[in-house]
Amino acid sequence: MTDYGHDLMFGTFVTPNAGAVDLAVTADRAGLDLVTFQDHPYQPAFLDTWTLMAYAAARTERIRISGNVLNLPLRPPAVLARAAASLDVLSGGRIELGLGAGAFPDGVAAMGGRKLTPAQGIAALSEAIPIIRDLWNTGTRERVDHRGEFYQVSGAKRGPAPAHDIGIWIGAYKPKMLALTGRLGDGWLPSLSYLPNGAASLTDLNARIDEAATDAGREPSSVRRLLNLMDGAEPEQLADLALTYGISGFILATDDAATTERLAAEIAPAVRDLVKRERG
Amino acid sequence: MSTEQKVREAETAPGPVVLTDEDGGLDPWTAAVWLAARNDNLRITLPGAPAAVSSDMADKAMDTLTALAGPRVSTGDNPSRFDDLPASLVKFEPGDPGYRGRSSTYMRGGRPALILRPRTPDEVAEALAFARRHPELQLGLRSGGHGISGRSTNNGGLIIDVGAMNDIEMLGNGLVRVGPGATWKQVAAFLDKYDLALGSGDYGGVGVGGLATAGGIGFLSREQGLTIDRLRAVELVLADGTQVRASAEENQDLFWAVRGAGANFGVATAFEFEAEEVTEVGWAQFVLVSHDVAESLKAYGDVAREAPRDTTVFWLTGPPRQGQSVIQMYGMVDSGDADTIIERLTPFATTALLAQQQVVVARYADVMAQAGDVGPEGHHGRGEPVARSGFLPELTDAFARDVAELLRSGQVFFFQLRHMGGAIADVPAHATALAHRTPEFSVTAIGADRRGMDEVWDRLMAKHFDGLYLSFETDQRPERLHDAFPAATLARLRELKRRYDPTTLFRDNFAIVEES
Ligand SMILES: Cc1cc2nc3c(=O)[nH]c(=O)nc-3n(C[C@H](O)[C@H](O)[C@H](O)COP(=O)(O)OP(=O)(O)OC[C@H]3O[C@@H](n4cnc5c(N)ncnc54)[C@H](O)[C@@H]3O)c2cc1C
């Protein structure tokens, strides 16, 4: 039994095409907490996810918005930090930063990004996160300098400062990425269907994150556990994921307005009830 | 004023707004997108292209915003390369929003220096005047962007894109007037309301402009003739900018030339076709498996040859896998009667081992509607297509054997026979610039490697053919011109080319050039 005690969040995972803005508006009106978009810029049929996020943020009022997850090799940390903070300011603190090391190296290369091996991808991500946080930190006037293997920043001015503490949520599956998530992440954002043994895998994967967090002197609960649900969601299943596996963010993949509304109106309240009863 | 204040004010301002890039301030691109979404009428000028890892990513961001909000955001720092652009013309240069989605076509990647998008014949004339002033720019014409032989994109050249001229209008008596930028899917949907149809090809996404100036071998051709045979009048802007109408009554020479070699003579701005009554049709898709592709091909040929005009079935295969060929057939019976449909199609379905079949009664427009729509980013072809074409007078045993060898070579991943005959052959050879009227089939192959493809094609296929359908031919060796146009046709075309396009302005698609 693991429960990190976070409030539950419910959201959708939307294909970044022409219908995505309407689906974000639907999710917002329905009262969901979160709408997220996958990021595959090399896929010609898809829109640019960052542009879509900014557009959707401007068309919605309350809902939080995140990439799920943004492709780091195509979105350099300095650009990303500034864009995310800007949108957080404009949207009144509604932006979260779902981030991944970037799959599909050939697609990345085709769009002019650097082709990285999986190991390089992880190294680049652990370089990028401190740069992003540094640029967000306007508590000091000192300029940001970073000479890394993947990223160079010289004398960059900090800012803008985000309107709230933007969570960096990491898409991770393998040990090294899980360790990075525990060390540097504010959230973990995998997809249930990619876990080797489904939900049962979560115990072990959570433990790896917990361990890395503890080693870095952090509370395991400082890493929120979110989960993409690619094949539907039922209240009992989600309540079990929350109480047994510590999942507190449920993101349902759907491009359907009715399903989005049902998630908000029926499933989310039912799960909240079940979890509340157990947590007491 | 900070960018943030400026953005807050612009959210409700009538516009326009010029964003700046201040150190430590808001990201101008994110601010621009936010504003475009908040204020529907605002025009926004950016201090530069979106910050991004590459120009492709920056272009993608711009194109996304254009798709979501219309072309309301421009970069202040993308001055035109040209100082003599006609001010009224819609244009796209690298870096302009919307450019990326228009740089490639369905089959081909490219990066033109300039795309002009005229909306009227007068604007076409202006675009052509610009083209004449810039002989250094390779000129390509574009309507629906599905060209294969037609280089409707290029690298560093000029594209005149008439895609916006896509009106469709009913003139009465079955006559329909269509702009070159319409797609055949749109034409079919329009005519469907009148229980009419007009044959085009097998793919509804293809544009009117490219197909109706070249031929049009489709599912109704055996009954109605080629698409060019249904053409009653065409309006063109010639190389010197004059606007003409050509029909059986006026400019007969041009009317003749447009029907098969149109891309050499002008930019077609409107077509008037005579459609015919078509209501329900039988639509079939078969997948067959064959261990002897030559035998199956011959059997198909025998059935197709005997088929009545209301029946048209195309044949398609790729390289065999473990000695086994997967054959796809798809075709149409112009009848809504289930028994007739089954009777016509059964012989085709038994030319190899039937693995899957789907036969439905549908509207012709439904069949055309299966083609995908072009997404927000436009076409995304890459590289150069490698396609070869031939008109096959007779599907002989020797041809079938050579096809089997061709397929084994691995050079061809798409090999197709389009069923001809019937009404196509009713038109005399000299009546249109497309003179090859009597083939049994139009044969098309697509490969990946130019040299390898040409080698097997020249060795195995060429001897079986009499001529080629230019729309599917990408080989640019000079002999191909003679394959497309028999001697008498070519002589007349050369004479007309000298008269109407003496500087060979139009040369993106089987350019009629003098013998060197
Ligand atoms: C998937 C697919 C299926 C096809 N199936 C068939 C088929 O079944 N039967 C068939 O006959 N053909 C078929 N074709 C070939 C098609 O007819 C040609 O490629 C045609 O040129 C495409 O027209 P477009 O307007 O879409 O092309 P574009 O790319 O816009 O233009 C291609 C060329 O046509 C010329 N052109 C375009 N517009 C004009 C104009 N307004 N005035 C003068 N010339 C112009 C130019 O030379 C230009 O380079 C198919 C093509 C594709 C890609």
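The structure contained in this document is the topic of the report that follows. Sequence order as written defines the numbering, with residues in each chain counted from 1. Whichever chain is written first is A, and whichever ligand is written first is 1; the rest continue in order. Where local features are concerned, this predicted model is filtered to residues with pLDDT of at least 70; where side-chain atom pairs are given and counted, the filter is 80 or more; whole-chain, interface and lining totals use all residues. Water and hydrogen atoms were dropped before computing side-chain values, which therefore reflect all heavy atoms in the structure.

### Thoughts on the overall build of chain A
The secondary structure listing takes helices from DSSP runs of H or I that are at least 4 residues long and strands from runs of E that are at least 2 residues long, numbered from the N terminus. Along its length, chain A carries nine helices and eleven strands. Radius of gyration means the value over C-alpha atoms here, while the globule rule gives 2.2 Å times the residue count to the 0.38 power. Its C-alpha radius of gyration of 18 Å places chain A within 12% of the 19 Å reference for a compact globule of 280 residues. Structurally, chain A occupies a C-alpha span of about 50 × 40 × 40 Å along its principal axes. The long-range share in chain A, meaning contacts at least 24 apart out of those at least 6 apart in sequence, stands at 70%. Of the roughly 11100 Å² of accessible surface on chain A, 49% is carried by carbon and sulfur atoms. Charged residues are defined narrowly, with Lys and Arg counted positive, Asp and Glu counted negative, and His plus the chain ends left uncounted. In this description, the location of a charge corresponds to atom NZ of lysine, CZ of arginine, CG of aspartate or CD of glutamate. Chain A carries 27 positive and 33 negative side-chain charges, and their two centres are separated by 7 Å. Throughout, a residue-residue contact means that at least one pair of heavy atoms, one from each residue, lies within 4.5 Å. Only the protein chains shown count as cover for residues, and all accessible areas are computed by the Shrake-Rupley method using a 1.4 Å probe.

### Remarks on the sheet that holds strand S16 (residues 311–317) of chain B
Residue and element names in this part refer to chain B. Being paired, for any two strands, means DSSP has found at least two bridges between them. Strand order in this open sheet of seven strands is S18-S15-S17-S16-S20-S21-S19, and the pairing throughout is antiparallel. The sheet is open, and its two borders are formed by strand S18 (353–363) and strand S19 (386–392), each paired with just one other strand. When the angles between neighbouring strand axes are averaged without regard to direction, this sheet yields 15 degrees. Where strand S20 (residues 412–419) lies against strand S21 (residues 441–447), seven bridges are found, and the strand directions are antiparallel. Within S21, the position partnered with Arg-418 by the bridge is Ser-442. Interaxial angles span 0 to 180 degrees and are taken between N-to-C directions of axes, which are lines fitted to C-alpha atoms, for helices over the stretch in contact. Contacts from helix H13 (residues 397–408) reach S16, S19, S20 and S21, with the element oriented near 155 degrees to S20. Contacts between helix H14 (residues 450–461) and the sheet are confined to S19, S20 and S21, with S19 contributing the most and set at about 15 degrees to the helix.

### Side note on the pattern of salt bridges
Residue and element names in this part refer to chain B. Salt bridges are defined by distance alone: a side-chain nitrogen of Lys or Arg within 4 Å of a carboxyl oxygen of Asp or Glu. Tallied over the entire structure, the rule returns 60 salt bridges over all chains. Of the charged contacts, one joins Arg-232 and Glu-274 as a salt bridge, the two residues approaching to 2.9 Å between their closest N and O atoms. Taken together, the positions of Arg-232 in strand S11 (residues 231–237) and Glu-274 in strand S13 (residues 267–274) put the pair 42 residues apart, joining distant regions of the chain. In this structure Arg-232 comes out as partly exposed when scored by relative accessible area, which is 32%. Among the charged side chains, a network of salt bridges with common partners joins Arg-388, Arg-450, Asp-454, Asp-458, Glu-473, Asp-475, Arg-477, Arg-480 and Asp-483. Think of it in three bands: residues with accessible area under 20% of the maximum for their type are buried, residues over 50% are exposed, and the middle band is partly exposed, with areas taken using a 1.4 Å probe on protein chains only.

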